[in-house]
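Descriptive structure summary
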There are 4 protein chains.
Amino acid sequence: MRGDASRRILGGSAVSETIISTDVVEKSNAAREADLERDYASLGERLDRRGIAIDAIRDKVEKFAVAIPSWGVGTGGTRFARFPGTGEPRDIFDKIEDCAVISQLTQATPTVSLHIPWDRADPNRLKQAASRFGLGFDAMNSNTFSDAKDQKLSYKFGSLSHADAGTRRQAVEHNLECIEIGKTLGSKALTVWIGDGSNFPGQVNFAKAFERYLDSMREIYASLPDDWRLFTEHKMYEPAFYSTVVQDWGTNYIIAKELGDKALCLVDLGHHAPNVNIEMIVSRLIQFGKLGGFHFNDSKYGDDDLDAGSIDPYRLFLVFNELVDAELLGAKGFHPAHMLDQSHNVTDPIESLMLSAVEVQRAYAQALLVDRTTLEGFQDDNDALMATQTLKSAYRTDVEPILAMARLKTGGAIDPVAAYRQAGYRAKVAAERPAVAGGGGGIV
Amino acid sequence: MRGDASRRILGGSAVSETIISTDVVEKSNAAREADLERDYASLGERLDRRGIAIDAIRDKVEKFAVAIPSWGVGTGGTRFARFPGTGEPRDIFDKIEDCAVISQLTQATPTVSLHIPWDRADPNRLKQAASRFGLGFDAMNSNTFSDAKDQKLSYKFGSLSHADAGTRRQAVEHNLECIEIGKTLGSKALTVWIGDGSNFPGQVNFAKAFERYLDSMREIYASLPDDWRLFTEHKMYEPAFYSTVVQDWGTNYIIAKELGDKALCLVDLGHHAPNVNIEMIVSRLIQFGKLGGFHFNDSKYGDDDLDAGSIDPYRLFLVFNELVDAELLGAKGFHPAHMLDQSHNVTDPIESLMLSAVEVQRAYAQALLVDRTTLEGFQDDNDALMATQTLKSAYRTDVEPILAMARLKTGGAIDPVAAYRQAGYRAKVAAERPAVAGGGGGIV
Amino acid sequence: MRGDASRRILGGSAVSETIISTDVVEKSNAAREADLERDYASLGERLDRRGIAIDAIRDKVEKFAVAIPSWGVGTGGTRFARFPGTGEPRDIFDKIEDCAVISQLTQATPTVSLHIPWDRADPNRLKQAASRFGLGFDAMNSNTFSDAKDQKLSYKFGSLSHADAGTRRQAVEHNLECIEIGKTLGSKALTVWIGDGSNFPGQVNFAKAFERYLDSMREIYASLPDDWRLFTEHKMYEPAFYSTVVQDWGTNYIIAKELGDKALCLVDLGHHAPNVNIEMIVSRLIQFGKLGGFHFNDSKYGDDDLDAGSIDPYRLFLVFNELVDAELLGAKGFHPAHMLDQSHNVTDPIESLMLSAVEVQRAYAQALLVDRTTLEGFQDDNDALMATQTLKSAYRTDVEPILAMARLKTGGAIDPVAAYRQAGYRAKVAAERPAVAGGGGGIV
Amino acid sequence: MRGDASRRILGGSAVSETIISTDVVEKSNAAREADLERDYASLGERLDRRGIAIDAIRDKVEKFAVAIPSWGVGTGGTRFARFPGTGEPRDIFDKIEDCAVISQLTQATPTVSLHIPWDRADPNRLKQAASRFGLGFDAMNSNTFSDAKDQKLSYKFGSLSHADAGTRRQAVEHNLECIEIGKTLGSKALTVWIGDGSNFPGQVNFAKAFERYLDSMREIYASLPDDWRLFTEHKMYEPAFYSTVVQDWGTNYIIAKELGDKALCLVDLGHHAPNVNIEMIVSRLIQFGKLGGFHFNDSKYGDDDLDAGSIDPYRLFLVFNELVDAELLGAKGFHPAHMLDQSHNVTDPIESLMLSAVEVQRAYAQALLVDRTTLEGFQDDNDALMATQTLKSAYRTDVEPILAMARLKTGGAIDPVAAYRQAGYRAKVAAERPAVAGGGGGIV
């Protein structure tokens, strides 16, 4: 399971430029290598007793990839305020450099996912900038949830589902433009998330709005290249606070069915109602051939966009338990896209993204350790206790040595944050990139 | 909109036996009729100003019907305890009498919905017992969420989705038996709600369990008479506390699509995740031709099974706003079944059911008052404020005179609870029906 | 019950300047007065039958007041985008004019609540600007949840609870400044809401952070004039997404107890966990002498800041049921402050605030109709059904004629939105106030 | 931290009778000991590098204790059904034997917590039965949430807060009886959880009901022996579905403050609103000297009473992070009671309780590994990323070798479930204890 973009083709850091000095990385690794070797051997011995070859797991981990969203490397915020960090990227080219740092140190994030219009630039220049660091491009993201400068018609009352045909047309065309840009960049997917909905009962007619949305999406789908996929993303609420057009996986599933085989559902872990069993939704979408991919993050209350695995790491593991199950069963058409989608309000975004990529890898590695034959036996015998212990004993395994060894073997850092801090990257770019104003406070 | 069963055929209290003395009802009405006439006239004048003919609304209300679940007339409880009331029904024949009281006084509940095996009895005797009071039978309800006495295989670990083929077969056959009984009774629908699920991550394989469920349901569907409908009911959790096989409307929709045209989704208002927009789910199911009907009740926390409209009456109105919209648009195949499904732990069940039936009627009547042409205009103009005020001004109308007049005209009571208390029904049956032991306390 | 500020002193529109031409208002009223008189008389007759004198209710409604937050008259937004309206207020003086419109047409909002630093201006000029329209000032609101321009130390990691003593001092001093400004303006309360908290487990030590918060608050409390009150506001989450220092009423109650008699709890209806029974919290705070007041709004998911009563009007009524109970019992020290606190993203803020003020009045009027003697009897008899029906029959009463008559009698508009639209106020200010840029989109 | 009851005194399995043959345990351990020694050594080496002495951790784990609720060893159920297991305990003496098995194999559960009237028996006989296996008694639990046979007045409408003084008196006296029984048994605490509340708005007057509750509790408190503690337990909902008298920690805190120093709050992990930050509540109660103890379990939706740590193990760790913090700081009066409180619907209760006790120990052991000096530094520097990683690196450590070694050293089983199954205990008691009927199904 490698995410949408292939590391084989896009990776290969050996021939790419690196931003963090390899000296720094090597020195950092040198100080940790002996301990890692010992821990890896000791874990290998313990896994061996359970019938698991540690190197096989490490191989799979090495091939696992998750995309970085371009907007994730800037400091996030809330409607109340945004507190900028230092050295924030000024444009998409700075963002690509930040992504290159993440990729270099983790060796787990070979692609960047762009957001139009925020990242609009000459596509060829973009491609060059990325390939310099061995980076490729993941899914394109359109934006009709805010008004761009000089935009003719406003999305205040909706975009693809707007009551006005002209506004819908404008939104459709924006999506078509995203596809065009993506073609040049080598992207193979378009992700559509809209904020359309309502704040008051009666503000919109649910059925009519959804019909209009489907009509708009049919136009976009018709322009999709044959080897592309179309991901639609559901979300319960925010920015709309009474109803949202694509509010849950049920509606998302209907969309994907109505549009066709290239249309698939994207699951953002923070976009569900409280208490919902997300891993079960993942299973359903796999079973009916409609899982497109993920926006990974974590949350405690709503769409908090916290770092993946920071609040409920077992939930992330249970999601991967489904993914690994499908991977091993060779579920038809199963190759979900993986992307982080987080808001880093109080941390250095590069650090958070590095550790979040590792956290996603960790869940994947742990899920690979599940003894699925034994599990199946317990399930068939209704031995609920031993079945759940089978998952737990995989989850409890500290796989950090596997992840670190995978990084070491592919040119990354055993301890990415330590190497990053040692390299002084943030201070360096802070000197180059002028401070950005904070903000928010008016949007309450 | 009249619910699944037709009042025209099944109603007609004039020729049926009544349980509450008509003297009592007439005396109770006589004391209230003058005020009602005045209030009806005054409301009529106000509605007239809004372009609405009050008699037309009353006509529709008179035709509106909601079924009573046989189990609803007994006192409910929780896993901690059940505190019985007095005069509790001893069997289905007592229950039918209680239902007849509700029907007589409200003239809104012409049918009873049976639950097998709880209500198992000679179908012909059942039919006779009901028709004596002009009552008919609504959807049949199967039960594979608890073990019946002398049942061969246990449903502890599931029924229609059980890992064991024999257990699944037993559950399928139980459903087929329910259809058979229903045929005799004149029922035209089977409602399937199961508790299948798991309490621990890993206890069941989501995909396999759902495939087994679908296979079982396909067998049941195959035995469904041509003029029947099959209702499946989703529920987020309880009795299973980690995963539930039919957990939400997304899964329920897939089931209905997989099975065929006679398969439809049943919506219980208390079976959703916190904060979920239920009226939107109702709209989606209508739009895609899969709304089968409702289990009405209200809730604040989980599946609290409180009296309809007792916690959030505006939500009930918003659901009916969707239903009336569909009715007026003549949505294809739209004739949802209405049933109350409540647990009466601290009230006299007959009183709660009477007022709940009235509450559902009330939401229907209020929704009929919505000025839909004006609303559409506001929606097209994105005038959110006036759109929502259009709903609110219908909702704020106190339609009690319409409901009371509908009851008066059809032989019911202007004030059903007052008439019921005056008649001393509960004391009378308490003398005949021995006290039942309380319980619970062991199931914690 | 009149809210903190007294209409008697601050109101009196007769002698104040009006912004909307009185001709427009009179014409609008003239077209509606005959119907209103008839509806008022008819409602009066029905209430009379229930033993209620309609004029007494109207008198109470006339005296009821709710403050307008200065920030509410601008268009709100989310972290994703803000879609500005036309004619948005440029500064606090424009905001005061908008508030004057609301006050003139509803006669229910005699005061404005300021937010520092957003509304910082010469206090005497502010006072003059407000008194010109007969407006007074409600509670002062400090802001340490965002960084003001030229602020020395950042609140990125907290303010009153910050680990750094200097940052806490700065935050304390800001609050002291708010008190100073408020003294000149005639305000009698300071409301403190902070965003302090954490986004990650371990980021802050809960106990130490709370101790630091309490120490800071003790300093602020020490500077509070004798006739002022200090309101602290709890909120479950946002902008902090893992923990919040003042997360619920339990912590808020402890704060108020620790600080002293002038410290009271402020309840924002949207700041609680899903499903929480807010009216019960209100009751507890009244019972233990710690209810300071309200930020009214409505919500479906989180702190959605929707218009009061737009999502769950019965909940608003149930809150007022507690308030009226306390008012009638003469609960010691009971005089809660009332303020709207909403975000108007898709409506004209003036229209939303007018109708929201009316909606709060409506809940108050309905709660006044509850037959409390009868209710007490049902409660003592455990007649749950009739007890809840007693509330419902008050709630179901359409009190619009009372509210409209109260407006008419005090110089407001029978239909505030109609009069406002007829006056063309928005178009007029749009011509004077330049369009403001939208925004958001970077804060995701 | 050892829970309320001291293992030193009550434990000492050497001199107690054992139920599971020591041969079986020794054989089971022998097969696992070599691997355990190796894993313990390897973990020791890794911890040593982090400056942690593994034996010191193991010592603390050995002293950690959690009580078993007598009702937990029977199979639980829901209002829909109860599916009994085999060999279910017939009475409290069977339950004590089951508890002895748990204690023998885990060496972590030296006490039993009784529930009156379910466990009513001659106290001296009870004491003898328990001490035979080296077991002591934890907190006594009263029951006024269900009606006992032959009880004079019903708790249908409340107990300690009932409107009727006689019913309140009966409930108070029941609690006094629990204290009396406990005195003989050597218990040192009374836990009071009531189901009092309401199902309908208006059914009870919140303030009056709470005042009555407080009055009743004052009477109970007055009879508490000097060396006892009184634990009150809050719960959001169920069995009451609109309001609950002791609904949250805010109300619980007020109760404890009103009653006096011996009154403390009990936290059941499943009794909170969705999304609530429970570890923060724990911190607040510790800070203000009012944390009495815990009912451990896990939940996904409501009060699901699932096995501790089975759904969100990180949350359990975060709770223990607070507890260990307080233990290390020597928080005044800090010695919380630990008890499991779970419902085992689909597993063998003995197995679930053994693994749940181990899971609680696990969270304790992991929390002991947190480098608190380093953490404090990160907190003071607002290094959110490294602070949370400090917790995570402790949490990720697989401490199973420490727990297993603690068991081995104290006479328990390295793998308690394996030893238990090998011993064939369930089959043995199934032969002795007749099958119990299932149930539920009427309480819907």
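Computed from a predicted model, the values in this text were never measured in an experiment.

**Let's talk about the relation of the copies chain B and chain D**
One copy of the chain maps onto the other through a rotation about an axis plus a displacement along that axis. Least-squares fitting of chain B to chain D yields an RMSD of 0.0 Å, with the superposition described by an axial translation of 0.0 Å and a rotation of 180°. Taken together, the turn and the small shift mark the pair as related by a two-fold rotation axis. By C-alpha distance to the rotation axis, the residue of chain B lying nearest is B:Arg79, at 2.2 Å. A symmetric contact is evident, with 100% of the interface residues of chain B recurring at the interface of chain D.

**Things to note about the sheet that holds strand S3 (residues 136-137) of chain C**
Residue and element names in this part refer to chain C. With respect to topology, three strands assemble into an open sheet ordered S1-S2-S3, the strand pairing being parallel. Looking at which strands have only one partner, the edges of the open sheet turn out to be strand S1 (68-69) and S3. As judged from the two bridges shared by strand S2 (residues 111-113) and S3, these two strands associate in the parallel manner. Bridge pairing in S3 places valine 112 opposite phenylalanine 137.

**Regarding the interface of chain A and chain C**
Listed by partner, the interface residues are 52 residues for chain A and 52 residues for chain C. When chain A packs against chain C, close to 4500 Å² is buried across both sides, 67% of that on carbon and sulfur atoms. A per-residue breakdown of the area chain A buries against chain C is headed by A:Phe83, A:Lys156 and A:Tyr301, which together make up 16% of the total. Connecting chain A to chain C are six salt bridges. Residue C:Arg79 is joined to A:Asp303 by a salt bridge in which the shortest nitrogen-to-oxygen separation is 2.9 Å. In this assembly, chain A and chain C are joined by 11 residue pairs in polar contact (both at pLDDT 80 or more).

**Quick word on the packing of helix H10 (residues 313-329) of chain C against helix H11 (residues 349-368) of chain C**
Residue and element names in this part refer to chain C. One can describe the packing of H10 onto H11 by two numbers: an axis separation of 8 Å at closest approach and a directional angle of 55°. When the axis of H10 is compared with that of H11, the two are oblique. When the axes of H10 and H11 are compared, the crossing they make is right-handed. Here Leu316, Phe317, Phe320, Asn321, Val324 and Glu327 of H10 come into contact with H11, specifically with Glu359, Val360, Ala363, Tyr364, Gln366, Ala367 and Leu368. Classifying every residue of the contact of H10 with H11 gives nine nonpolar, two polar and two charged.

**Examining the pattern of salt bridges**
Summed over the entire model, instances satisfying the criterion amount to 165 salt bridges over all chains. In this structure, A:Asp215 engages A:Arg218 in a salt bridge whose closest nitrogen and oxygen atoms are separated by 2.7 Å. With A:Asp215 and A:Arg218 both in helix H7 (residues 206-222) and three residues apart, this pair spans about one turn of that helix. The exposure class assigned to A:Asp215 is partly exposed, which follows from its relative accessible area of 39%. Residue class for A:Arg218 comes out partly exposed when judged on its relative accessible area of 31%. Among the ionic pairs, A:Glu258 bridges to A:Arg218, the shortest N-O distance being 3.3 Å. On the criterion of sequence distance, the pair formed by A:Glu258 in helix H8 (residues 249-259) and A:Arg218 in helix H7 is long-range, its members being 40 residues apart. The structure contains a network of salt bridges with shared partners spanning A:Glu359, A:Arg362, A:Glu400, A:Arg407, D:Lys392 and D:Arg396.

**Describing helix H7 (residues 206-222) of chain B**
Residues separated by three or four positions in an α-helix point in the same direction, a consequence of the helix having 3.6 residues per turn. Residue and element names in this part refer to chain B. Helix length check: H7 (17 residues) gives 24 Å between terminal C-alpha atoms against 24 Å at 1.5 Å per residue, within 8%. Considered for burial, the residues of H7 that qualify are Phe206, Ala209, Phe210, Arg212, Tyr213, Leu214, Ser216, Met217, Ile220 and Tyr221. Structurally, the start of H7 carries an N-cap: the backbone nitrogen of alanine 207 is 3.1 Å from a side-chain oxygen of asparagine 205.

**Points about the side chain of B:Asp303**
Following the sequence through the fold, B:Asp303 ends up in the loop between strand S10 (291-296) and helix H10 (313-329). On the accessibility criterion, B:Asp303 (10% relative accessible area) is buried. In this structure the side chain of B:Asp303 is engaged in a polar contact, spanning 2.8 Å, whose partner is the side chain of B:Lys235. Residues within four places of B:Asp303 in sequence aside, it is in contact with B:Lys235, B:Glu238, B:Asp268, B:Gly270, B:His271, D:Arg79 and D:Phe80.

**A few points about the UniProt feature "domain: Xylose isomerase-like TIM barrel" (unreviewed entry) in chain A**
UniProt feature "domain: Xylose isomerase-like TIM barrel" (unreviewed entry): in the numbering of this structure it lies at residues 114-304 of chain A. Its end C-alpha atoms 21 Å apart, residues 114-304 of chain A is made of 36% helix and 15% strand.

**Observations concerning the side chain of B:Ser356**
Residue and element names in this part refer to chain B. With respect to the helices and strands, serine 356 occurs in helix H11 (residues 349-368). Taking the relative accessible area as the measure of exposure, serine 356 reaches 1% and is therefore buried. Discounting chain neighbours no more than four positions away, the residues touching serine 356 are Asp307, Ala308, Leu340 and Gln342.

**With respect to the interface of chain B and chain D**
Taken together, the contact between chain B and chain D spans 52 residues of the former and 52 residues of the latter. For the pair chain B and chain D, the two sides together bury roughly 4600 Å², of which 67% comes from carbon and sulfur. Of all residues in chain B, the largest losses of buried area upon contact with chain D belong to B:Phe83, B:Lys156 and B:Tyr301, amounting jointly to 16% of the total for that side. The interface formed by chain B and chain D includes six salt bridges. Between B:Glu238 and D:Arg79 there is a salt bridge, with the nearest N and O atoms lying 3.0 Å from each other. Counting across the chain B and chain D interface gives 11 residue pairs in polar contact (both at pLDDT 80 or more). Looking at the side of chain B that touches chain D residue by residue, the classes come out as 23 nonpolar, 18 polar and 11 charged.

**Focus on the environment of D:Thr251**
Among the structural elements, D:Thr251 can be located in helix H8 (residues 249-259). For the pair D:Thr251 and D:Glu233, spaced 18 residues apart in the sequence, the C-alpha separation amounts to 9.9 Å. If sequence neighbours within four positions are ignored, D:Thr251 has contacts with C:Trp249, C:Arg284, D:Phe210, D:Val245 and D:Val246. A polar side-chain atom of D:Thr251 sits 2.9 Å from a polar atom in the side chain of C:Arg284.

**Regarding unusual backbone geometry**
Only a minority of non-glycine residues have a phi that is not negative, and only a minority of peptide bonds are not trans. Residues B:Glu238 and B:Pro239 are joined by a peptide bond in cis, for which omega reads 15°. Looking at where B:Pro239 falls in the secondary structure, it is placed in the loop between strand S7 (229-233) and strand S8 (243-244). Across the junction of D:Ile116 and D:Pro117, the peptide omega takes the value 15°, indicating a cis bond. Within the secondary structure layout, D:Pro117 lies in the loop between strand S2 (111-113) and helix H5 (123-131). Even without glycine at this site, A:Gln107 takes up a positive phi of about 55°.

**Concerning the relation of the copies chain A and chain C**
In screw terms, the move from chain A to chain C is a rotation of 180° and a rise of 0.0 Å along the axis, fitting with an RMSD of 0.0 Å. Of all interface residues in chain A, 100% are interface residues in chain C too; the two copies therefore contact each other through one and the same surface.

**Describing the packing of aromatic side chains**
Two aromatic rings, taken as a pair, are described by how far apart their centres are and by the angle between their planes. Considering all chains together, one arrives at 82 aromatic pairs over all chains under this definition. Summarising the aromatic geometry, the rings of B:Tyr395 and C:Tyr395 are spaced 6.4 Å apart at their centres and angled 55° between planes, so their arrangement reads as tilted. Here the residue B:Tyr395 occupies a position in helix H13 (residues 384-395), and C:Tyr395 occupies one in helix H13 (residues 384-395), the pair thus bridging two chains. When sorted by exposure, B:Tyr395 lands in the same class as C:Tyr395, which is buried. Between D:Phe210 and D:Tyr213, the ring centres sit 6.1 Å apart and the planes meet at 10°, which makes this aromatic pair stacked. Placement of the pair is D:Phe210 and D:Tyr213 together in helix H7 (residues 206-222), with a separation of three residues, close to one helical turn. In textbook terms, an aromatic cluster arises when at least three aromatic residues are bridged by ring pairs, as seen for A:Tyr314, A:Phe317, A:Tyr395, D:Tyr314, D:Phe317 and D:Tyr395. Positioned above the aromatic ring of B:Phe210 is the side chain of A:Arg284, whose terminal nitrogen or guanidinium carbon lies 4.1 Å from the ring centre. Lying across the ring of C:Tyr301, C:Lys300 places its NZ or CZ 5.9 Å from the centre.

**Focus on the environment of B:Ile286**
Residues and elements named next belong to chain B. Mapped onto the elements, isoleucine 286 comes out in helix H9 (residues 278-287). Between the C-alpha atom of isoleucine 286 and that of leucine 323, which follows or precedes it by 37 residues, the distance is 8.4 Å. Once residues lying within four places of it in the same chain are set aside, the contact partners of isoleucine 286 are Leu291, Glu322, Leu323, Ala326, Ala331 and Phe334.

Scoring rules and cut-offs
- Residues numbered from 1 in each chain as written.
- Chains lettered and ligands numbered in written order.
- Predicted model: local features only at pLDDT ≥ 70, side-chain atom pairs only at ≥ 80, totals over all residues.
- Heavy atoms only, no water.
- Least-squares fit on C-alpha atoms with pLDDT ≥ 70 in both.
- Contact = heavy atoms within 4.5 Å.
- Pairing = 2+ DSSP bridges.
- Helix = DSSP H or I, 4+ residues; strand = E, 2+ residues; numbered from the N terminus.
- Buried area = accessible area lost by both parts, 1.4 Å probe.
- Salt bridge = Lys/Arg side-chain N within 4 Å of Asp/Glu carboxyl O.
- Polar contact = N/O pair within 3.5 Å; in protein donor to acceptor, adjacent residues only side chain to side chain.
- Axes fitted to C-alpha atoms, helices over the stretch in contact; angles between N-to-C directions.
- Parallel < 35°, antiparallel > 145°, perpendicular 65-115°, else oblique.
- Left-handed = near helix turned anticlockwise from the far one by under 90°.
- Nonpolar A, V, L, I, M, F, W, Y, C, P; charged D, E, K, R; others polar.
- Buried < 20%, exposed > 50% of the residue type's maximum accessible area, 1.4 Å probe, protein only.
- Expected span 1.5 Å × (residues − 1).
- UniProt positions renumbered as here; feature names shortened; annotations may be inferred.
- Phe/Tyr/Trp six-rings, centres within 6.5 Å; stacked < 30°, edge-to-face > 60°.
- Lys NZ or Arg CZ within 6 Å of the ring centre and 35° of its normal.

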